[in-house]
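Structural overview
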Amino acid sequence: FCLQYKDLKRDLSDLDGWHSHPNDGQPRGAGISDPTAREAIRRDRIVKKLDLIEDVVMAVAGKHLYPYMLQAVTDESCTFGYLNRCGMPLNRNAFVAMRREIYYEIHHKM
């Protein structure tokens, strides 16, 4: 779930509302016939997922560790060694424990 973060951010930016839909009155398949409402529902679902991830990371990690831990749980290639070189003030055991707690909290709030 957390590894979808970058894709969700990209999808949210694609739903910026600055494009038009064909207004010819023809049906476009199943579901809500109002494309604006359909886009708003999709946008709301994406925002809720992003907020869940960001809120849990902020609650568990705090404001000082937030950027490090957000990157750690949302980027598969981000390792402890990389974050340590970037200045993260945690040892490996504390990092692993905090990352595990973040995943646990996200799982239980879904």
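Reference entry: report on the structure contained in this document. Each residue is numbered by its place in its chain's sequence as written, counting from 1. It should be noted that, the model being predicted, local features are given only for residues of pLDDT at least 70 and side-chain atom pairs only at 80 or more, the latter also being counted only at that level, while totals for whole chains, interfaces and linings use all residues. The basis for every side-chain value is the complete set of non-hydrogen atoms in the structure, without hydrogens or water.

The subject of this paragraph is helix α1 (residues 5-14). Those residues of α1 that fall on the buried side of the exposure criterion are Y5, L8, D11 and L12. Viewed end-on, α1 has its buried residues packed into an arc of 125°, placing them on one side of the element. We call two residues contacting when some pair of their heavy atoms lies within 4.5 Å. The numbering of helices and of strands both runs from the N terminus, where a helix is a DSSP run of H or I of at least 4 residues and a strand a run of E of at least 2. Of the surrounding elements, those touching the buried residues of α1 are α2 (35-74). The classification of residues rests on relative accessible area computed with a 1.4 Å probe and restricted to protein chains. Under 20% of the type maximum is buried, over 50% is exposed, and intermediate values are partly exposed. What the arc measures is the spread of directions leading from the helix axis to the C-beta atoms.

A few words now on the pattern of salt bridges. A carboxyl oxygen of Asp or Glu within 4 Å of a side-chain nitrogen of Lys or Arg is what we treat as a salt bridge. As enumerated under the stated definition, the model contains 5 salt bridges in all. Linking K6 and D75 is a salt bridge whose minimum nitrogen-to-oxygen distance equals 3.6 Å. A residue pair is termed long-range when its members are at least 10 positions apart, and K6 in helix α1 and D75 in the loop between α2 and α3 (80-85) qualify at 69 residues. Taking relative accessible area as the criterion, D75 reaches 17% and is therefore assigned buried. One salt bridge in this structure joins D11 and R10, with 3.8 Å as the shortest N-O distance. By sharing partners, the salt bridges in this structure join D7, R10 and D11 into a single network.

Mapped onto the fold, E54 is located in helix α2. For E54, the residues in contact, after removing those within four places along its chain, are Y5, K9 and Y66.

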